[in-house]
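Residue-level structure breakdown
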Amino acid sequence: MNYTINPVRRHRARCREVRAGMGDYLDGDLETQAAASLKRHVRWCPSCRRMLRNLARTVSGLRALDARPVAADHIEAG
């Protein structure tokens with residue numbers, strides 16, 4: 001991470017890093033230390049917390065759709 005003296009820029013940069021790793025976090029693909037760091041940031045950053053919560057809901061909804069059986073009239077004849 002490129003550290004800067006400006007705390008607002010540093011926070012925005014950290015948010016970008018955290019958001020880039022959210023998908024891997026939800027999939028369980030982050031290293032233990034990276035996952036702990038993401039969780040710490042999300043605990044005190046309301047914007048990232050909201051984004052992670054919304055992403056988790058979206059992923060959960062998509063996984064639920066994938067588990068539903070396909071209706072016979074939606075299956076194309078080959």
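What counts as what
Residues numbered from 1 in each chain as written. Predicted model: local features only at pLDDT ≥ 70, side-chain atom pairs only at ≥ 80, totals over all residues. Heavy atoms only, no water. Patch = residues over 30% accessible without salt bridge, like charges linked within 9 Å, V, L, I, M, F, W, Y side chains within 5 Å. Areas by Shrake-Rupley, 256 points an atom, 1.4 Å probe, with all protein chains shown as cover. Salt bridge = Lys/Arg side-chain N within 4 Å of Asp/Glu carboxyl O. Lys, Arg positive; Asp, Glu negative; His and termini not counted. Charge placed at Lys NZ, Arg CZ, Asp CG, Glu CD. Helix = DSSP H or I, 4+ residues; strand = E, 2+ residues; numbered from the N terminus. pLDDT = per-residue confidence, 0-100. Core = buried A, V, L, I, M, F, W, Y, C linked by side-chain atoms within 4.5 Å. Buried < 20%, exposed > 50% of the residue type's maximum accessible area, 1.4 Å probe, protein only. Contact = heavy atoms within 4.5 Å. Disulfide = S-S within 2.5 Å. Axes fitted to C-alpha atoms, helices over the stretch in contact; angles between N-to-C directions. Parallel < 35°, antiparallel > 145°, perpendicular 65-115°, else oblique. Left-handed = near helix turned anticlockwise from the far one by under 90°. Nonpolar A, V, L, I, M, F, W, Y, C, P; charged D, E, K, R; others polar.

Here we look at a positive patch on the surface
- Positive charge collects at one region of the surface, where Arg 19, Arg 49, Arg 50, Arg 53 and Arg 57 lie side by side.
- The biggest single contributor to the positive patch is helix α3 (residues 46-67), with four residues.
- Relative to the assigned elements, Arg 53 resides in helix α3.

Concerning the confidence of the model for the protein
- Model confidence for the protein is summarised by a mean pLDDT of 88, while 83% of its residues fall at 70 or above.
- Per-element mean pLDDT across the protein ranges from 92 in α3 up to 96 in helix α2 (residues 32-44).

Some thoughts on the nonpolar core
- Judged by nonpolar contacts, Cys 15, Val 18, Met 22, Leu 38, Val 42, Cys 45, Cys 48 and Leu 52 together constitute the single largest core of eight residues.
- When contributions to this core are tallied by element, the ones reaching two or more residues are α1 (7-27), α2 and α3.
- Considering every element that reaches this core, the biggest residue donor is α1, with three residues.
- Excluding residues that lie within four positions of it along the chain, Cys 15 makes contacts with His 41, Cys 45 and Cys 48.

Re the pattern of salt bridges
- Tallying each qualifying case throughout the model produces two salt bridges.
- A salt bridge links Glu 17 to Arg 14, with the shortest nitrogen-to-oxygen separation between them at 3.2 Å. Here the residue Glu 17 and the residue Arg 14 both occupy positions in helix α1, the gap between them amounting to three residues, near one helical turn.
- In this structure Glu 17 comes out as partly exposed when scored by relative accessible area, which is 34%.
- Of the charged contacts, one joins Asp 27 and Arg 63 as a salt bridge, the two residues approaching to 2.8 Å between their closest N and O atoms. On the criterion of sequence distance, the pair formed by Asp 27 in helix α1 and Arg 63 in helix α3 is long-range, its members being 36 residues apart.

Some points on the environment of Ser 60
- By secondary structure assignment, the location of Ser 60 is in helix α3.
- Measuring from C-alpha to C-alpha, the distance between Ser 60 and Leu 26 comes to 9.8 Å, with 34 residues separating the pair along the chain.

Comments concerning the state of the cysteines
- What the rule picks out here adds up to zero disulfides.
- Not part of a disulfide, Cys 15 finds its nearest cysteine sulfur in Cys 48, a span of 3.6 Å.
- Assessed through its relative accessible area of 0%, Cys 48 is described here as buried.

Considering the packing of α1 against α3
- Packing of α1 against α3 brings their axes to within 10 Å, and their N-to-C directions diverge by 30 degrees. Taken together, the axes of α1 and α3 lie roughly parallel to each other. Pair α1 / α3 crosses with right-handed handedness. Of α3, the residues touching α1 (which contributes Cys 15, Val 18, Arg 19, Met 22, Gly 23, Tyr 25, Leu 26 and Asp 27) are Ser 47, Cys 48, Met 51, Leu 52, Leu 55, Ala 56, Val 59 and Arg 63.
- Here the contact of α1 with α3 is composed, by residue class, of eleven nonpolar, two polar and three charged.

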